[in-house]
Every structure is written in structure tokens, then in C-alpha cells.
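So the chains spell out like this:
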Amino acid sequence: MKWVVAVFLISLLNVIESRTLHTNGMTSTLTPSQCSAMNLMDLATIFFAQFVQEATYQEVNKMARDVVTAIEKPTDSDQQAGCSENHLSALLEEICHEKDISEKYGLSDCCNRSGEERHNCLLAHKKTSRASIPPFQIPDPVTGCKAYDENREMFMNRYIYEIARRHPFLYAPTILFSASLYDKVIPLCCRTENAVECFQTKSAPITKELRENSMLNQHMCAVMRNFESQTFQTISIAKMSQKFPKANMTEIQKLAEYSDHVHKECCRGNVLECLHDGQEIMSYVCSHQDSLSSKIAECCKLPTLELAHCIIQADNDDTPQGLSPTLNKFLGDRDFRQLSSAEKHALLTSVTYEYARRHPKLAVMVVLRVTTGYQEFLEKCSQSENRLECQDKGEKELEKYIQESQALAKRSCDMFLKMGEYHLQNEFLVSYTKKAPELTTQELMAITRKMAATGGTCCHLSEEKQLACGESAADIILGQLCIRHEMNPVNPGVGQCCAASYANRRPCFSNLGVDETYVSPTFSAAKFHFQKDLCQAQGVALQTMKQEFLINLVKQKLNITDEQLKIATADFSNLLETCCQRQEQDACFAEEGSKLISKTRAALGV
């Protein structure tokens, strides 16, 4: 997956032309023509399915129809029907107006509040996974094709409902784009002899991209929620400077300054504004091709939803000729310590812009580290006896951030190519069980599985692309861990890495050691209960059982050595080999398993 491209999607969908900005805290009003051009029914369906995830389709459909009727009311008899200015309030009010809905789905407490408190309360009820909502299943071709032919609009609205309730943080434009892709798959597969296989093959990449974009959207909303708006603006400046390197800084900065507000609207679930602002962005980008990019001409001929996808897939524009290779010109002979806060901010913004446009293939997170590192370096030089001589070493000093990331990418890919995905995951399992032993076995398995899978995605790329791919993937995965910590604190070390510095979050986790606050549980033989079902397990099931043994072992003693781990896992493998060849497997596991537990406890001193 192109994580870097996906990050740009978020930035691109959240910048807006200055003439349509939200200013002084006022929400921009959609004109009647703009509103009527939207499919309000689908947008309302997305809103209610994301805010009341457990509601049935019939319940969501009723709320959507009621609120669309209210929103489309013209302000006078001569005016074309359009969106009311308080459409978000109307959507929220509809949830609470339906008493059966709010009481049935545990939202009464939120509905007893008003204004922003009510909105935030309802947002807090969104959950990425609910036990009551099973994974999305492609409809049976016979009934599905018949339903599509009879009422395509309702069929697609139902699909939008199913996707939205399973991905409550996914942006409305992304859901609508995925629906447009699925809309093309259905008639194609319904005409084939093997419709089941066709649906599975054609829908798999759509589902995969939905899942990945859902994680990305949730991640970026968490960044927006937990860090200053300047952090997100810096991300936008870095990525857009790479995408549009010939655009001047005023243009880039103007767009990035407003991304904060627009991004908030998407994260707040304001579906109409989120879609409208995205459309304005596309219009702006395409009308300013001359100053932005020479790579998007063909994209700008496409319909809006396809246009957005095309632009993010387009190559970065060519780097302008004659760019100065050094950063020294930004500060000159000035003393960084003597600059005002506004001057420091302007200087560091220039550094981000100039460094990013000169390094279009560098991971955005590394660009952010360079900016942060440059600030720390200048502050250190301000205290040096020979300040100017110190500042002259800035470029060399910044190289260490790139080198550290490159070294990690090379080390991880070397391990992946040598060990394979399963054994690489085991390495991550040991490391992250020590860093965050409070996580459940399932959580540790899920996080480290994604980490190891990154090897398959990134390590077959060229060396220069491995870095950006790996850094971007790590940012999302660790972001998921930080969201977990935000909901239910893990430990102080994890909390420090999540909150201290977004730019340095990944290096912080890389350097995070054993959780010294963790108290290992009293040894329980039940966690190391061996029986004959181990002999029936094959493939992934057997690997999972071995990994559960590994996690339980490390949780018993976090400072377990590599040698102790090697001996214990070898003994476990020998136990399987011995007992699975016996006639009386349960008796063997009872006897030999007890010996293994005693030996391991003695070795670990637990």
C-alpha cells in the first residue's frame, strides 16, 4: 500500500481555497446549487451509520429521510431548495429526536446535553470494532444481482450504510469513492458465469483500501485531537511541498493554514462540509495547475471523486532547477535565541518547505524530525561560544535523522529477507511484550503482525522507497497503539512516546526499553497447559499457539535473555515433536509438559 500517497490524500482533502474559507469561527454556507448537486441521502446515511453504528438499516434510512427533508427546505417560495446553514445541528438533533433510537443504543446521556458537549459525547461513542457488527460480507450473487437490478439506488445506499457503520472514522468522500468502484463491479460480475469468484476478486482491493484508509483517517484525527494545530499544518506543508515543489511558500502555507479547520470538520463527522471542501480543493488545484504541478492535467478531466484519487496517485512534480542545496541561508548570522516566537515559527516553516521540496522521496516523518532537530540544533548553537561556526555544521547534523531512519529500514528488511514474516513477527512480539506487557495477547499479536507485514510491502521496493514506506507504515501502526493508550492507558513509557513529540514518536518507541513498572503475574501452569490439540493444529493455527507460548513466557520475566528464550522455545518444539508421535498424546503432554514447565521456571527463577 502507498502509505505516503495515502497521507497526501488526507492533506489534500483538507485544504481549501482562500475564498471559501471558514473564518472567525463561522461555518461556510453551501449554496443551493452546491447542495442539490450532492446526494444528501447517501451523506445522511453515512452520518447516522457512523454515529449510531448498531442501528438497523431501516432505522438509519428513516432518520436520513427525515433530516434530508428538513435540510432541503427552501428559505422562501422563490428560492431553489438548498442546505440549511445548520445542517450539522439538524443531523445531531435527529439522533436525539428519535427517543427510541437514543435509548435503545445508549445515547440518552449524550442527548441530555446540548451543543458542543452533545456532539463530543456522540463522537466518543464511535468504536472501530463492535462485537455486534460482523465483518462485511459480499451479498449472495443471485439475490444481490436481483436487488441491484430492481433498485440500484437503494442497493448502493445499503452498501454505503454497511461500510460506514464498520468504519466510523472513514471520511465521507472516501466512502462515496469506494461505493462508486463497487457500483462498477456489480454489473460486471453479475454478467459472468462465476459471479462468486468475480465478486471476491474484484471487491478484495476495494475492501483492503477501505480498511487502510479507515486506519489512516482515525490516525490523523487522533493527531489533530492530541497535538497542536501547528503539527498538522507542518505535515501538510511537508507533503504538499513534495507534491508541488514549484509552488511558492506563500501558496503552500496558505493552503496548509486552513487545513486545520477543514480536517476538524471531517473528523467531527460533518459529512456535508467534508465533501464540499474536498470538491473545492480539487477545483482549486486544477485551476492552478500552472503554479502547482505539471503532472495532473489528465486527472483534472475526470469527475470529482475519480479526480481526487487520480491526483493523489500522480507523481510528485519535478523539482525546480537551481535550488540552493543548503539550509544556512535561512538564519544567516542571526542568533536564533534572539528571534521572536513568530520569527522562529516562520523560519522553521521555511525549513520544512525548502527541505521537503528538495527531498521529494523522503518520508514526511523524517522531514518533521529534520525540522524539530534543526530547531534543537539552533538553540544549542545559540549557547555556543562560536555560534556561527556551530551553525555552519547544521546540514551535517541533520543528516543523522536520515541515516538513523535508513539504518532501521535496512536492518528491518535484512531481517525480513533472512527470517521471513513469521519469524520477524516473533522478534517484534518479544520486543513489544517487553515494552507494553499490559497489552493482551490478541493486541500484541495484531500490532506485531502488521509490523511484520510491512516487510512484505516495503522490502521489495527500491532502497530509497523502503525508507518512506516503512516510516509511514510504522507511523500508522504506532498511532493505533497510541489510540489504544488514549482509550485505556498502557504504561508511562508508552504514554510518553505517544504524547511527547509526534515527529519523534517512532524513534521513541524504537528506543523504549522494558516496562519497569510492570509486575509479572504469579506463575500459573494453566497458561502453559499442553494437550493433544497442538498436534492437530497446522499452519497459522500452530504458529499462533507457539506465539501465545512466547508471549506468556516473556510476560513471566520481562528481562528474559535471548539465550533463555532460545532454549525455552527449542524445548517447546521438542515437546511437540516427541508427544505428537506418541500413541497416548495426552499422557505424554501431561508428563513431558510438566517437566518443561519445571525446567523453564527454574531457569527463569519464577
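Residues numbered from 1 in each chain as written. Predicted model: local features only at pLDDT ≥ 70, side-chain atom pairs only at ≥ 80, totals over all residues. Heavy atoms only, no water.

## Observations regarding the overall build of the chain
Across its full length, the chain holds 30 helices and 0 strands. The C-alpha atoms of the chain give 27 Å as radius of gyration, which agrees with the globular expectation for 606 residues (25 Å, within 12%). Expressed along its principal axes, the backbone C-alpha trace of the chain runs to roughly 90 × 75 × 50 Å. Per-residue burial for the chain yields a buried fraction of 51% across its 606 residues. Put simply, the chain shows about 28,600 Å² of open surface, and 50% of that area lies on carbon and sulfur atoms. Looking at charge distribution, the chain has the averaged site of its 65 positive side-chain charges lying 4 Å from that of its 76 negative ones. (Helix = DSSP H or I, 4+ residues; strand = E, 2+ residues; numbered from the N terminus. Rg over C-alpha atoms; globule rule 2.2 N^0.38 Å. Buried < 20%, exposed > 50% of the residue type's maximum accessible area, 1.4 Å probe, protein only. Areas by Shrake-Rupley, 256 points an atom, 1.4 Å probe, with all protein chains shown as cover. Lys, Arg positive; Asp, Glu negative; His and termini not counted. Charge placed at Lys NZ, Arg CZ, Asp CG, Glu CD.)

## Section: the pattern of salt bridges
Where side chains of opposite charge bring their charged atoms close, a pairing between them can arise. If you walk through the whole model with that rule in mind, you get 32 salt bridges. The salt bridge involving Glu59 is made with Lys104; its shortest N-O contact spans 2.9 Å. Within this pair, whereas Glu59 is found in helix α4 (residues 57-71), its partner Lys104 is found in helix α6 (residues 99-104), the two being separated by 45 residues in sequence. When its relative accessible area of 19% is taken as the criterion, Glu59 is described as buried. Residues Glu298 and Lys301 are paired through a salt bridge, measuring 3.0 Å at the closest nitrogen-oxygen approach. (Salt bridge = Lys/Arg side-chain N within 4 Å of Asp/Glu carboxyl O.)

## Considering the environment of Glu59
Note: C-alpha distance between Glu59 and Phe48 (11 residues apart in sequence) is 9.2 Å. Side chain to side chain, Glu59 and Lys104 meet in a polar contact 2.9 Å long. (Polar contact = N/O pair within 3.5 Å; in protein donor to acceptor, adjacent residues only side chain to side chain.)

## Let's talk about the packing of α4 against helix α10 (residues 152-166)
When two helices pack together, their arrangement is given by the angle between the helix axes and the distance between those axes. For the pair α4 and α10, the least separation of the axes is 11 Å and the interaxial angle reads 105°. With respect to their mutual orientation, α4 and α10 come out roughly perpendicular. Note on element contacts: α10 touches α4 through Met154, Asn157, Arg158 and Tyr161, opposite Tyr57, Gln58, Val60 and Asn61. Along the lines of polarity and charge, the residues of the contact of α4 with α10 split into 4 nonpolar, 3 polar and 1 charged. (Axes fitted to C-alpha atoms, helices over the stretch in contact; angles between N-to-C directions. Parallel < 35°, antiparallel > 145°, perpendicular 65-115°, else oblique. Contact = heavy atoms within 4.5 Å. Nonpolar A, V, L, I, M, F, W, Y, C, P; charged D, E, K, R; others polar.)

## Some details on the packing of aromatic side chains
Taken as a whole and assessed by the stated rule, the structure comprises 12 aromatic pairs. Between the aromatic rings of Phe528 and Phe549, the centroid separation amounts to 5.8 Å while the plane-to-plane angle is 85°, which identifies the pairing as edge-to-face. Of this pair, Phe528 sits in the loop between α26 (505-511) and α27 (533-536) while Phe549 sits in helix α28 (residues 539-556); the two residues are 21 residues apart in sequence, bridging distant segments of the chain. For the residue pair Phe528 and Phe549, the accessibility class agrees, reading buried in each case. Relative to Phe572, the ring of Phe549 has its centre 4.4 Å away and its plane inclined at 10°; by these criteria the two rings are stacked. Pair noted here: Phe549 is in helix α28 and Phe572 is in helix α29 (residues 562-579), with a separation of 23 residues, a long-range link. (Phe/Tyr/Trp six-rings, centres within 6.5 Å; stacked < 30°, edge-to-face > 60°.)

## Some details on the nonpolar core
Phe47 and Phe48 are the most contacted members of the largest nonpolar core, which totals 55 residues. If near-sequence neighbours (up to four positions away) are discounted, Phe47 is found in contact with Leu88, Leu91, Leu92, Ile95, Gly269 and Val271. Phe509, Cys535, Leu576 and Leu596 belong to the second-largest nonpolar core, a separate cluster that totals 43 residues. (Core = buried A, V, L, I, M, F, W, Y, C linked by side-chain atoms within 4.5 Å.)

## Topic: the environment of Ile567
Looking at the element boundaries, Ile567 is found in helix α29. Sequence separation of Ile567 and Ala603 is 36 residues, and the distance between their C-alpha atoms is 9.7 Å.

## So, the environment of Gln53
Looking at where Gln53 falls in the secondary structure, it is placed in the loop between α3 (40-51) and α4. Look at Gln53 and you get buried, because its relative accessible area is 4%. Among all residues touching Gln53, those that are not within four sequence positions of it are His125, Lys126, Lys127, Arg130, Ile133, Arg165 and Pro168. Only 3.3 Å separates the side chain of Gln53 from the side chain of Arg130, close enough to count as a polar contact.

## A word on the confidence of the model for the chain
When pLDDT is averaged along the chain, the result is 86; 90% of the residues meet or exceed 70. The secondary structure element of the chain with the lowest average pLDDT is helix α1 (residues 3-12), at 39, and the one with the highest is helix α25 (residues 492-499), at 97. For the stretch residues 1-29, pLDDT sits under 50, and the model shows 83 contacts to residues farther than four places along the chain or on other chains. (pLDDT = per-residue confidence, 0-100.)

## Side note on the state of the cysteines
Covalent bonding between the sulfur atoms of two cysteines is what defines a disulfide. Overall, the coordinates contain 15 disulfides when judged by the stated rule. Between the sulfur atoms of Cys189 and its disulfide partner Cys198 the distance amounts to 2.0 Å. Linking Cys189 and Cys198, the disulfide has an S-S dihedral of approximately -70° and is accordingly described as left-handed. The disulfide bridge from Cys458 ends at Cys469, spanning 1.9 Å between sulfur atoms. Taking the torsion about the sulfur-sulfur bond, which here is approximately -70°, the covalent link between Cys458 and Cys469 counts as left-handed. Of this pair, Cys458 sits in helix α23 (residues 441-458) while Cys469 sits in helix α24 (residues 463-487); the two residues are 11 residues apart in sequence, bridging distant segments of the chain. Accessibility assignment for this pair places Cys458 and Cys469 in one class, buried. (Disulfide = S-S within 2.5 Å.)

## Let's talk about the side chain of Ser203
Mapping Ser203 onto the fold places it in helix α12 (residues 195-226). In this structure Ser203 touches Ile138 and Tyr182, once residues within four positions along its chain are discounted.

## Re the packing of helix α21 (residues 394-419) against helix α22 (residues 421-435)
α22 packs onto α21 with a crossing angle of 130° between their chain directions and a minimal axis gap of 7 Å. In terms of orientation, α21 lies oblique with respect to α22. Relative to α22, the crossing made by α21 is right-handed. Of the residues in α22, those in contact with Ser412, Met415, Phe416 and Met419 of α21 are Glu421, His423, Leu424 and Glu427. Of the residues assigned to the contact of α21 with α22, the class counts are 4 nonpolar, 2 polar and 2 charged. (Left-handed = near helix turned anticlockwise from the far one by under 90°.)

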